[in-house]
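# A structural walkthrough
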Amino acid sequence: MDLFTEINRTKILEDLFRAYYDARKNKRDTINVLIFEKDFEANLFELCDEILERRYTPKPNICFVVERPVKREVFAADFRDRIIHHFIYNYISPILERRFINDSYSCRKGKGIHYGVKRADGFVRKCSLNYTRDCYILKLDIRGYFMSMNKHILYRKIREDLVQKAAECDFDLPLVIYLLEKTIFNDPTVACRRKGKKTDWVNIPKSKSLFHISRDCGLPIGNLTSQLFGNVYMNAFDNYVKHELNVKYYGRYVDDMIFVHEDKEYLKTVLTKAKEFLWEDARLEIHPNKIYLQHYTKGVGFIGAFIKPRRIYISDRTKGNFYEMIRIQNKIVENEPTHEQIKDFVAKMNSYLGLTRHYATYNLRRKMVFEVLSPAWWKYVYLDGRVEKFVIKQAVKAAEIKRVLGKNN
């Protein structure tokens, strides 16, 4: 082995260790992680050899269905593959980040849902000159965004972006492109393990299931890389809207898009041109039943909030989903919940609490937690902060770790 190869292998190992620590954050008590961690150093050395020798192959996924906020199919990658996802992300995200517009909000440091809602509220206020003149809001979304993403188009877009910025890449670019290809073109339905009942898939349209769509399309919802790829896939459109259509007040969260302009007719023109560009560039279609064009005084629902002049509400749909999720969790705790069910409860509750606490919802959160939620859950969790975050009790975590390690010895 020559000196350059050895130096490169050392750097790859260091970066794999970093990706490993990133991947295990908040997931150290999952069975997948615990099994990997029993001999994590040897496992990481083996993973390093696999990718350097171009022998890496993703392992089978676990597939399940979630009911909220909408019923959808989720694929969970094996832990070692999640390490590779973080490995890829840590390398390419800083390069791609510089190509994104400011008003692309999803899964980006310092942005997210709350930032997107505040920006959209600011768009309306500025465009209407603080609510003193007319302006209009156009809201669109894509029909089956993640299911419609063409893998070949996605791979070409990312590869071209990285090759163009090769001088800025302080990593092994051919290796990363190899891993991108392996990740993007991996079919998660092959040999996957379905978690739950077959009836869970009832009422999921075939157009929203990776089991039924074209093998050239569709990304698994839930992977870190899929979230980044969702920003890349429509980045050309974002720049087209901002710099060619000259829509100053435009923002996007995944496939939810909002446009604000003083001229209603111009927004109709934007809609026509957006349809054309999205199809030609990315083979995407705007959902025909989700086109909203109204005067700003009518308000607009955007990523879980309802924006009206001078005030922002949590949308009725979000409140209804919050209530329904707690109702389902209350049924689960009637029997002794598994550790996976407890983790799922904490994740779901914290997701809603994290979303709602940015707005004037303290009374709503107190009602949900202390009136709607079953008291039986307090045996397993406690509340941290002012109705802000649930945490699994340490004794519950310790019991699960002991059980899993005993089972695998």
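Before reading on, note that the structure itself is shown above.
The structure contained in this document is the topic of the report that follows. (Residues numbered from 1 in each chain as written. Predicted model: local features only at pLDDT ≥ 70, side-chain atom pairs only at ≥ 80, totals over all residues. Heavy atoms only, no water.)

## Notes on the overall build of the protein
To keep things clear, this is the line we draw: Only runs of H or I of at least four residues qualify as helices and only runs of E of at least two qualify as strands under DSSP, and these elements are numbered from the N terminus. All radius of gyration figures rest on C-alpha atoms, and the globule criterion is 2.2 Å times the number of residues raised to 0.38. Two residues qualify as a contact provided that any one of their heavy atoms is within 4.5 Å of a heavy atom in the partner residue. A 1.4 Å probe and the Shrake-Rupley method give the accessible areas. Residues count as covered only by the protein chains that appear here.
The number of helices and strands found in the protein is 15 helices and 12 strands. Here the protein has a C-alpha radius of gyration of 23 Å; the compact-globule value for 409 residues is 22 Å, and the two agree. Seen along its three principal axes, the alpha-carbon backbone of the protein occupies a region of about 70 × 60 × 40 Å. Counting only contacts in the protein whose residues sit at least 6 apart along the sequence, the fraction spanning at least 24 positions is 70%. Total accessible area on the protein is roughly 20,700 Å²; 50% of this is exposed by carbon and sulfur atoms.

## Focus on the layout of surface pockets
Where empty space is left can be seen by rolling a probe of water-molecule size over the atoms. We count it as follows: Buriedness for pockets is judged along seven lines, at least five of which must meet protein on both sides within 12 Å for an open set on the 1 Å grid over protein atoms alone, while cavities are sets there where a 1.4 Å probe fits but cannot get out, and lining residues have an atom within 4 Å of a point. Grid points are joined across faces, edges and corners, and a volume is the space filled by probe spheres set on the points. Classification used: nonpolar for Ala, Val, Leu, Ile, Met, Phe, Trp, Tyr, Cys and Pro, charged for Asp, Glu, Lys and Arg, polar for all others including Gly.
Each pocket or cavity is described by its volume, and for the second largest pocket that value is around 170 Å³. Along the walls of the second largest pocket sit Arg 99, Arg 156, Lys 157, Glu 160, Asp 161, Val 232, Asn 235, Ala 236, Asn 239 and Asp 281, which together make up its complete lining. Grouping the amino acids of the lining of the second largest pocket by side-chain chemistry returns 2 nonpolar, 2 polar and 6 charged.

## Here we look at helix H8 (residues 173–184)
The cut-off we apply is this: The span you would expect from a helix comes to 1.5 Å times its residue count less one. Here the term buried applies to any residue with accessible area under 20% of the maximum for its type, exposed to any over 50%, and partly exposed to those in between, with areas from a 1.4 Å probe on protein chains only.
The terminal C-alpha atoms of H8 lie 16 Å apart, and with 12 residues this matches the ideal 16 Å at 1.5 Å per residue to within 8%. The buried fraction of H8 amounts to 9 of the 12 residues, a majority that puts the element mostly inside the structure. What H8 keeps buried is the set Leu 173, Leu 175, Val 176, Ile 177, Tyr 178, Leu 179, Leu 180, Thr 183 and Ile 184.

## Here we look at empty space enclosed by the protein
Overall, the coordinates contain 2 cavities of 30 Å³ or more when judged by the stated rule. Taken as a whole, the largest cavity holds about 160 Å³ of empty space. Around the largest cavity, the lining is made up of 19 residues, and of these His 85, Thr 183, Asn 186, Pro 220 and Asn 223 lie nearest the centre. Take the lining of the largest cavity: its biggest share by element is 3 residues, from helix H9 (residues 224–233). Here the lining of the largest cavity is composed, by residue class, of 8 nonpolar, 8 polar and 3 charged.

## Let's talk about helix H11 (residues 264–282)
In an α-helix, one turn spans 3.6 residues; hence positions three or four apart end up facing the same way. Using the following cut-off: Read the arc as the range of directions from the helix axis to the C-beta atoms. Within 3.5 Å is the distance limit for a polar contact, defined as a pair of N or O atoms, with the added protein rule that one can donate a hydrogen and the other accept it, and that residues adjacent in sequence qualify only through two side-chain atoms.
For H11, with 19 residues, the first-to-last C-alpha span of 26 Å sits near the 27 Å given by 1.5 Å per residue. Among the residues of H11, Leu 267, Val 270, Leu 271, Ala 274, Leu 278 and Ala 282 are the ones counted as buried. Relative to the axis of H11, the buried residues are bounded by an arc of 110 degrees and lie together on one face. On its buried side, H11 packs onto strand E3 (136–141), helix H7 (151–164), H9, helix H10 (235–243), strand E6 (256–261) and strand E7 (292–295). Capping the start of H11 is the job of one residue whose side-chain oxygen sits 2.9 Å from the backbone nitrogen of Glu 265: Asp 263. Following H11 by one or two positions, Arg 283 has its phi on the positive side, about 55 degrees.

## Here's the deal with the nonpolar core
A general trend in soluble globular proteins is that nonpolar side chains are found buried together. Cut-off, in case you're wondering: We call a set of buried residues a nonpolar core when its members are Ala, Val, Leu, Ile, Met, Phe, Trp, Tyr or Cys and they connect through side-chain atoms within 4.5 Å of each other.
Among the nonpolar cores identified, the biggest contains 92 residues, and Ile 83, Ile 92, Phe 237 and Phe 259 are the most heavily contacted of them. Top element by residues in this core is helix H4 (residues 79–97). It accounts for 9 residues. Discounting chain neighbours no more than four positions away, the residues touching Phe 237 are Tyr 250, Met 257, Phe 259, Ala 274, Phe 277 and Leu 278. Judged by nonpolar contacts, the second largest core, of 21 residues, contains Val 333, Met 349, Val 372 and Val 396.

## Some words on the pairing of E3
Here is the rule we go by: Any two strands are treated as partners once DSSP identifies two or more bridges connecting them.
Of all 6 residues in E3, 6 are buried; the element is thus mostly enclosed. Pairing geometry for E3 and E6, over 6 bridges, is antiparallel. Note that in E6 the partner of Lys 139 across the bridge is Ile 258. Pairing analysis gives 4 bridges linking E3 to E7, with the strands arranged antiparallel. By the bridge assignment for E7, Tyr 136 is matched with His 295.

## Some details on unusual backbone geometry
Non-glycine residue Ala 191 carries a positive phi angle of around 60 degrees. The backbone of Asn 203 shows a phi angle near 75 degrees, a positive value even though the residue is not glycine. Locating Asn 203 in the fold gives a position in the loop between strand E4 (193–194) and H9.

## Quick notes on the pattern of salt bridges
Heads up, the condition is: What makes a salt bridge here is a side-chain nitrogen of Lys or Arg within 4 Å of a carboxyl oxygen of Asp or Glu, nothing more.
Summed over the entire model, instances satisfying the criterion amount to 28 salt bridges. Across the salt bridge formed by Glu 340 and Lys 195, the nearest N and O atoms sit 4.0 Å from each other. With Glu 340 in helix H13 (residues 339–356) and Lys 195 in the loop between E4 and H9, this residue pair connects regions lying 145 residues apart in the sequence. With its nearest N and O atoms 3.7 Å apart, the salt bridge here joins Lys 319 to Asp 316. With a gap of 3 residues between them, Lys 319 and Asp 316 both fall in helix H12 (residues 316–332), about one helical turn apart. Relative accessible area serves as the criterion here: at 63%, Asp 316 is assigned to the exposed category. One salt-bridge network, held together by shared partners, links Glu 46, Glu 53 and Arg 55.

Bear in mind that shape data such as this cannot, by itself, settle questions of function.
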